[in-house]
Amino acid sequence: MSDDSCAVDCDVSNLVRLEERRQLDQISLVASENYSSPAIRAFEGSIFADKNAEGYPGKRCVSGCEYADQLEILAIERAKSAFGCEHANVQAMSATIANFAIMTELFQPSDRLMAMRLQDGGHLSHGAPFHASGRNFRWCFYGVSRTDEQLNYDEVRSIALENRPAAIICGGSSYPRLIDYEKMDQIAREVGALLWVDLAHTAGLVAGRAIPSPFPYADIVTTSTHKTLRGPRGGGLILCKSSFAQQIDRSIFPGLQGAPKMDLIAARAVLLAEVQTSRFQEYAKAVLLNAKALERGLVYAGATLVSGGTSSHLLLLNLLRCGVTGNEVETSLLEARVVANKNSIPFDTIPPSKAGGLRIGSAALTTRGFDEAQFFELGVMIAKVITSASNHARIADLRSFVKQNTQGLPLFNRKWVVGGREAAE
Ligand SMILES: *Cc1c(COP(=O)(O)O)cnc(C)c1O
């Protein structure tokens, strides 16, 4: 950052500088974090930031929107082609807001909605009692089975048959396995429910064609833009069948939000071109391979993983057997400059404030350029921190590994930069 910015506001620019140093010196294994490309960052905060474009293209509440209209249409068309869906809304400020907007527009408080239990990997916007979704609708939940800690579709079906939900929501924030959307669709059809996929975590893997898509099964798909999708933070996308288009658009505006943030829509448009390139497909594949390498390292050195491993970018460590809490491991890892988060695990016996698990993911560090060998070694070293009783030496080892491997390493590796021509194709 230049000294000019200090002349404008030294307090804020110092904090920006410190945060930049922190991000460069630490490594993020936070499964919900990533780094967006320099191109995306360049359009966040562009001149569109100040434009009020309340409404939708061709139907704005204020004039002077001719370029805002073109921009939003571009983002919508790119979203449709990136995900192969019939309709897209690019205005939601976040996936959480998108979820609540849709619920309020499509369902009555007397309707019952069905989702994955929070402790088993769901998300708080899917009916947690302390979230507006939980307070305003009736809910029933499905979860993982005790035997393999994965979804049991027969059980999901019987819960659906018993409760007759208006919608079945699938997708979560700490479920390390893929969801069988075809089976979920069969269950939803049998009970007359909508199939709603919350793709927040795995949207980038779907767009990068590394894992199966929820389309054509899902009626509605919601997602964040900043996790595996590697886009700007503070952005939600809603993708749906055309029969839901009007209701979906109404749910966001005028249903819940005011004017959209047009510079973020510009950044999302850039993102939605990036994810359609072969470079992004390579990235998505690397995220999966790296998560597997991390899994191998962890298991090799004695760590226990919920469901035995991962099929995505996300891994959930079961710490109960090692006699440590998620809170303690989070603190130890931070000493070694590794950022991750404590997380409840299925059948947890420790309260969420401490938690019996730790959630990690490979998306952000893959963006920085870590390869499979580095992820394997990282897995081994993290497992050693967790499993050793006196772990100071292990923490020191991990800290020097991080230092060595991040020296001069940018946040967004040049190998993932998409050339202008490639993105425009
Ligand atoms: C992260 C997450 C969200 C929330 O996304 P935001 O855009 O940060 O609001 C919603 N649903 C699921 C399943 C998530 O994992």
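Residues numbered from 1 in each chain as written. Predicted model: local features only at pLDDT ≥ 70, side-chain atom pairs only at ≥ 80, totals over all residues. Heavy atoms only, no water.

A closer look at the sheet that holds strand β10 (residues 236–240)
Moving on, step 1. Ordered in space as β4-β10-β9-β8-β7-β5-β6, the 7 strands form an open sheet in which the pairing is mixed. Each end of this open sheet is capped by a strand with a single partner; those strands are β4 (87–89) and β6 (138–142). With strand direction ignored, the average angle separating the axes of adjacent strands in the sheet is 20°.
Moving on, step 2. Sheet contacts for helix α5 (residues 95–106): β5 (112–116), β6, β7 (167–170), β8 (194–198), β9 (220–224) and β10; angle to β9, the most-contacted strand, approximately 155°. (Pairing = 2+ DSSP bridges. Helix = DSSP H or I, 4+ residues; strand = E, 2+ residues; numbered from the N terminus. Axes fitted to C-alpha atoms, helices over the stretch in contact; angles between N-to-C directions. Contact = heavy atoms within 4.5 Å.)

Regarding the site of the ligand
Moving on, step 1. Around the ligand sit Ser94, Ala95, Thr96, His123, Gly172, Ser173, Asp198, Ala200, His201, Ser224, His226 and Lys227, and those are all the residues in its vicinity.
Moving on, step 2. The side chain of His226 places a nitrogen or oxygen atom 3.5 Å from an oxygen atom of the ligand.
Moving on, step 3. Contact with the protein chains removes 89% of the 380 Å² of surface that the ligand exposes when unbound.
Moving on, step 4. Class assignment of the residues belonging to the shell around the ligand gives a composition of 2 nonpolar, 8 polar and 2 charged. (Near = heavy atom within 4 Å. Polar contact = N/O pair within 3.5 Å; in protein donor to acceptor, adjacent residues only side chain to side chain. Areas by Shrake-Rupley, 256 points an atom, 1.4 Å probe, with all protein chains shown as cover. Nonpolar A, V, L, I, M, F, W, Y, C, P; charged D, E, K, R; others polar.)

Focus on the packing of aromatic side chains
Moving on, step 1. Across all of its chains, the model carries 7 aromatic pairs by this definition.
Moving on, step 2. A centroid spacing of 6.0 Å and a plane angle of 10° characterise the contact between Trp139 and Phe141, whose relative ring orientation is stacked.
Moving on, step 3. Relative to Phe376, the ring of Tyr300 lies with its centre 5.9 Å away and its plane at 45°, an arrangement referred to as tilted. One end of the pair, Tyr300, is in helix α12 (residues 278–300); the other, Phe376, is in helix α15 (residues 372–387), and 76 residues separate them in sequence.
Moving on, step 4. Taking relative accessible area as the criterion, Tyr300 reaches 65% and is therefore assigned exposed.
Moving on, step 5. What makes Phe376 partly exposed here is its relative accessible area of 30%. (Phe/Tyr/Trp six-rings, centres within 6.5 Å; stacked < 30°, edge-to-face > 60°. Buried < 20%, exposed > 50% of the residue type's maximum accessible area, 1.4 Å probe, protein only.)

Quick look at the domain arrangement of the chain
Moving on, step 1. When the domains of the chain are assigned, the result is domain 1 (42–274) and domain 2 (278–406).
Moving on, step 2. Computed from C-alpha coordinates alone, the two centres of domain 1 and domain 2 are separated by 28 Å.
Moving on, step 3. In this assembly, 26 residues from domain 1 lie in contact with 27 residues from domain 2.
Moving on, step 4. Carbon and sulfur atoms supply 60% of the area that domain 1 and domain 2 bury against each other, a total of about 2300 Å² over both sides.
Moving on, step 5. The largest per-residue losses of area from domain 1 upon contact with domain 2 belong to Gln119, Glu149 and Pro176, which jointly make up 26% of the total buried on that side.
Moving on, step 6. Applying the counting rule to domain 1 against domain 2 returns 0 salt bridges.
Moving on, step 7. Our enumeration of links across domain 1 and domain 2 arrives at 9 residue pairs in polar contact (both at pLDDT 80 or more).
Moving on, step 8. Within the side of domain 1 that touches domain 2, the residues separate by chemical class into 8 nonpolar, 10 polar and 8 charged. (Domains from an automatic or database assignment. Buried area = accessible area lost by both parts, 1.4 Å probe. Salt bridge = Lys/Arg side-chain N within 4 Å of Asp/Glu carboxyl O.)

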